[in-house]
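Tertiary structure, described
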Amino acid sequence: MTLLSDMKFQGRSTRKRTGGRRRHARNKRRHELGDEPTETEVGEQKLKFVDARGGTEKIRAVATDIASVATDDGTVAAEIENVVENPANPNYVRRNIITKGAVVATSEGEARVTSRPGQDGQVNAALLE
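Here we summarise the structure given alongside this text.

Procedures and definitions
Going along each chain's sequence as written, the residues are numbered from 1 onward. Only residues with pLDDT of at least 70 get local features here, since the model is predicted, and only at 80 or more are side-chain atom pairs given and counted; chain-wide, interface and lining totals rely on the full set of residues. For side-chain calculations, the full set of non-hydrogen atoms in the structure is used, while hydrogens and water are omitted. Per the convention used, a helix needs a DSSP run of H or I reaching at least four residues, while a strand needs a run of E reaching at least two, with both numbered from the N terminus. Only heavy atoms matter for contacts: two residues are in contact if any of them lie within 4.5 Å across the pair. Only buried residues count toward a nonpolar core. Its members are Ala, Val, Leu, Ile, Met, Phe, Trp, Tyr and Cys residues joined through side-chain atoms within 4.5 Å. Under the scheme applied here, a residue whose accessible area is under 20% of the maximum for its type counts as buried, over 50% as exposed, and between as partly exposed, the area being computed with a 1.4 Å probe on protein chains only. DSSP-based pairing: two strands are paired if at least 2 bridges between them are found. Simply put, an axis is a line fit to the C-alpha atoms, just over the touching stretch for a helix, and the angle between two N-to-C directions goes from 0 to 180 degrees.

**Re the side chain of T64**
Structurally, T64 can be placed in strand β3 (residues 57-64). Setting aside residues up to four positions removed in sequence, T64 forms contacts with T40, E41, V42, G43, E44, Q45, I80, I98 and V123.

Put into structure tokens, the structure is as follows:
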């Protein structure tokens, strides 16, 4: 079991060489906090724009129903029907959440997602044989 205080050392031992306890010096700063994951659902396309470092913007796909599927003779815009398999989390299959590596059923057939829809706002996939 990992405690919250153990996570602040990020891999370093919580004990000194002498056996004494090593305590963290400070809490996380606001810029060190991460965001909640964008769990992209199957549905009508909905995008969210987020400010990123360096004055750029990230486009997060909150929901999408279109995938660019790579076939042998080019790419086709296919409609996503549902999620068949998701190695990131088996619960995502029941909730129809798309992540990188998920297998989705499309109008062209089953395809594996190769992009990160929560990071770049689009679903690119490769057709499975």
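**Focus: the nonpolar core**
By size, the foremost hydrophobic cluster in this structure holds 12 residues: A67, V69, A78, I80, V83, I98, A102, V104, A111, V113, V123 and A125. Contributing elements (two or more residues each) for this core: β4 (66-71), β5 (74-85) and β8 (109-113).

**Re the environment of A77**
Here A77 is to be found in strand β5. Given the relative accessible area of 64%, A77 is considered exposed. In this structure the C-alpha to C-alpha distance between A77 and Q122, which are 45 residues apart in sequence, comes to 11 Å. Leaving out residues up to four positions away in the same chain, A77 has contacts with I66 and A67.

**Brief notes about the sheet that holds β4**
Around the barrel, which closes on itself, the five strands sit in the order β4-β5-β7-β8-β9 with mixed pairing between neighbours. Sheet twist, expressed as the average angle between the axes of neighbouring strands with direction ignored, equals 50 degrees.

**Quick look at the pairing of strand β9 (residues 124-127)**
Strand direction decides the pairing type here: β4 and β9, joined by three bridges, are parallel. From the neighbouring strand, S68 faces β9, where its bridge partner is N124. With three bridges joining them, β8 and β9 adopt antiparallel strand pairing. By the bridge assignment for β9, V113 is matched with A125.

**Observations regarding unusual backbone geometry**
Non-glycine residue N96 carries a positive phi angle of around 55 degrees. Looking at N96, the relative accessible area reads 22%, which means it is partly exposed.

The values reported here are purely geometric and, on their own, carry no functional implication.
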